[in-house]
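Coordinates in review
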Amino acid sequence: MARCSHKLSIPSRTSQLARVRRCVAVWAEEAGLSQKDADALQMAVDEACANAIEHGYAGKPDGTVDVLATLKSNAIIVTVRHHGAPFNPDLHQRAALTDMRKNRRKHGYGLHLMHKLVDEVRFKASGRTSEVRLTKCRNGTKT
Amino acid sequence: MSNFSVSFRHRDDICVLDLTGELDAHTAAEFEAALQKCVTEGDCKLVVQGKDLQYISSAGLGVFMAFIEPVRDGGGDIKVAGLQPRVFTVFDLLGFPLLFDILDTEDEAVARFNGSPADQS
């Protein structure tokens with residue numbers, strides 16, 4: 001059962017990412033996450049928002065990215081939602097990290113990080129709305 | 001407002017880049033410009049001093065990746081020193097210690113230029 005929720009809406013500008021991280025840090029503390037888990041959630045949300053801005057809105061600054069948090073008894077769920085180009089994870093298979101390193105890939109690490117940092121990553125697209133839902137469990141097993 | 005800065009200093013023929021603040025998708029361009037300046041000016045022995053770096057995202061790691069080959073092709077390397085645990089964790093999660101020489105201190109990084117580079121798998 002949800003204990004409470006928070007919402008932050010930002011313009012689609014990377015200059016807003018620091019603000020998102022500050023908010024997530026506060027929410028994570030409220031959710032009772034350890035510092036390590038709070039750091040991990042903060043990074044995962046940062047990556048999701050950066051993807052929304054840079055890929056969803058292709059860098060256009062007039063979009064909106066919504067960041068919503070739901071605090072549950074044993075977890076915090078953060079949803080990053082935008083109305084830009086949808087992201088279909090089926091079309092963006094994650095290349096193996098070893099191949100990415102060998103090929104000196106400069107992009108594509110954010111998705112890997114999200115999966116390594118939180119307990120669950122779920123993508124959803126409906127109409128013009130795309131979202132990624134990040135779940136971080138208290139005392140979870142991820143970094 | 002940017003909460004990231006990079007400054008340069010030299011220790012003999014080694015250029016040390018002092019990073020401060022948060023390196024994310026917004027500030028990565030500033031770091032990229034700094035590394036580009038080094039390459040353009042012929043500096044290829046680079047130590048990135050990360051003791052005051054508070055945060056790094058994948059965009060920042062992508063900048064390291066973009067420059068490692070040009071710098072090594074020029075006979076040098078990018079060595080990373082002094083990372084805080086929180087920042088090192090991000091490098092480690094993506095296996096970057098296999099590719100980059102990451103040292104505890106700047107002095108160790110500088111000394112390493114006299115030895116062999118890390119595994120470049």
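See the structure shown above.
What comes next concerns the included structure. (Residues numbered from 1 in each chain as written. Chains lettered and ligands numbered in written order. Predicted model: local features only at pLDDT ≥ 70, side-chain atom pairs only at ≥ 80, totals over all residues. Heavy atoms only, no water.)

**With respect to the packing of helix α2 (residues 35–56) of chain A against helix α4 (residues 109–117) of chain A**
Residue and element names in this part refer to chain A. Direction vectors running N to C along α2 and α4 enclose 150°, while the axes themselves pass 9 Å from each other. For the element pair α2 / α4, the angle class is roughly antiparallel. Relative to α4, the crossing made by α2 is left-handed. On α4, the residues that touch Ala40, Met43, Ala44, Glu47, Ala48 and Asn51 of α2 are Gly110, Leu113, Met114 and Leu117. Of the residues that constitute the contact of α2 with α4, the class distribution is 7 nonpolar, 2 polar and 1 charged. (Axes fitted to C-alpha atoms, helices over the stretch in contact; angles between N-to-C directions. Helix = DSSP H or I, 4+ residues; strand = E, 2+ residues; numbered from the N terminus. Parallel < 35°, antiparallel > 145°, perpendicular 65-115°, else oblique. Left-handed = near helix turned anticlockwise from the far one by under 90°. Contact = heavy atoms within 4.5 Å. Nonpolar A, V, L, I, M, F, W, Y, C, P; charged D, E, K, R; others polar.)

**Considerations on the pairing of strand β4 (residues 77–81) of chain B**
Residues and elements named next belong to chain B. Among the 5 residues of β4, 5 are classified as buried, and the element is accordingly described as predominantly covered. The side-chain alternation of β4 yields two buried faces, one formed by Asp77, Lys79 and Ala81 and the other by Ile78 and Val80. Chirality of the crossover, the property in question, places the unit of strand β3 (residues 45–56), helix α2 (residues 58–73) and β4 among those that are right-handed. Relative to strand β5 (residues 101–103), β4 runs parallel, the two sharing 3 bridges. Note that in β5 the partner of Lys79 across the bridge is Asp101. In this view, the connection linking β4 to its parallel neighbour β5 by way of helix α3 (residues 85–93) has right-handed handedness. (Buried < 20%, exposed > 50% of the residue type's maximum accessible area, 1.4 Å probe, protein only. Right-handed = clockwise from strand over helix to strand, strands pointing away. Pairing = 2+ DSSP bridges.)

**Notes on the interface of chain A and chain B**
Counting from both sides, the interface comprises 26 residues of chain A and, opposite them, 25 residues of chain B. Counting each side, the surface lost to burial between chain A and chain B is near 2200 Å², with a carbon and sulfur contribution of 59%. Per-residue buried area on chain A facing chain B is highest for Met43, Arg101 and Arg104 of chain A; these three make up 31% of the total on that side. Our count for the contact surface shared by chain A and chain B stands at 4 salt bridges. Its salt-bridge partner being Arg21 of chain A, residue Glu22 of chain B comes within 2.5 Å of it at the nearest N-O pair. Counting the contacts that link chain A with chain B gives 9 residue pairs in polar contact (both at pLDDT 80 or more). Elements supplying a minimum of two residues to the side of chain A that touches chain B: α1 (17–30), α2, α3 (97–102) and α4 of chain A. (Buried area = accessible area lost by both parts, 1.4 Å probe. Salt bridge = Lys/Arg side-chain N within 4 Å of Asp/Glu carboxyl O. Polar contact = N/O pair within 3.5 Å; in protein donor to acceptor, adjacent residues only side chain to side chain.)

**Here's the deal with the nonpolar core**
With 75 residues, the main nonpolar core has Val45 of chain A together with Leu17 and Phe31 of chain B as its most contacted residues. Ranked by residues supplied to this core, first place goes to α2 of chain A with 11 residues. With sequence-adjacent residues up to four places away left out, Phe31 of chain B is seen in contact with Phe4, Leu17, Leu19, Leu23, Val48, Gly60, Val63 and Phe64 of chain B. With 8 residues, the next largest nonpolar core counts Val16, Val47, Ala109 and Val110 of chain B among its residues. (Core = buried A, V, L, I, M, F, W, Y, C linked by side-chain atoms within 4.5 Å.)

**Side note on the pairing of β3 of chain B**
On any regular strand, side chains alternate: one points to one face of the sheet, the next to the other face. Residues and elements named next belong to chain B. Sheet topology note: the strand β2 (residues 14–23)/β3 ladder contains 8 bridges and is parallel. Note on β3: the bridge partner recorded for Thr20 is Asp52. Regarding topology, helix α1 (residues 28–40) serves as the crossover connection from β2 to the parallel β3, and that connection is right-handed. Inspection of the sheet shows β3 paired to β4 by 5 bridges, in the parallel sense. Note that in β4 the partner of Leu46 across the bridge is Ile78.

**Here's the deal with the sheet that holds β3 of chain B**
Residue and element names in this part refer to chain B. The 5 strands are arranged β1-β2-β3-β4-β5 in an open sheet whose pairing can be described as mixed. Both outer strands of the open sheet, β1 (4–11) and β5, are each paired with one neighbouring strand and no more. Put simply, the sheet's adjacent strands are angled 25° from each other on average, direction ignored. The sheet contact formed by β1 and β2 spans 8 bridges and is antiparallel. Opposite Phe8, over in β2, you have Leu17 as the bridge partner. Relative to β3, α3 is tilted by about 115°, and along the sheet it contacts β3 and β5.

**Thoughts on the layout of surface pockets**
Roughly 890 Å³ of internal volume is contained in the largest pocket. Lining the largest pocket are 42 residues; nearest its centre among them are Asn51, Glu54, His55, His107 and Gly108 of chain A. At the level of secondary structure, the elements contributing two or more residues to the lining of the largest pocket comprise α2, β3 (75–82), α4 and β5 (129–137) of chain A together with α1 and α2 of chain B. Here the lining of the largest pocket gets 9 residues from one element, more than from any other, and that element is α2 of chain A. Within the lining of the largest pocket, the residues separate by chemical class into 20 nonpolar, 14 polar and 8 charged. (1 Å grid on protein atoms, 1.4 Å probe; cavity = no way out; pocket = protein on both sides within 12 Å on 5 of 7 lines; lining within 4 Å. Points joined across faces, edges and corners; volume = space filled by probe spheres on them.)

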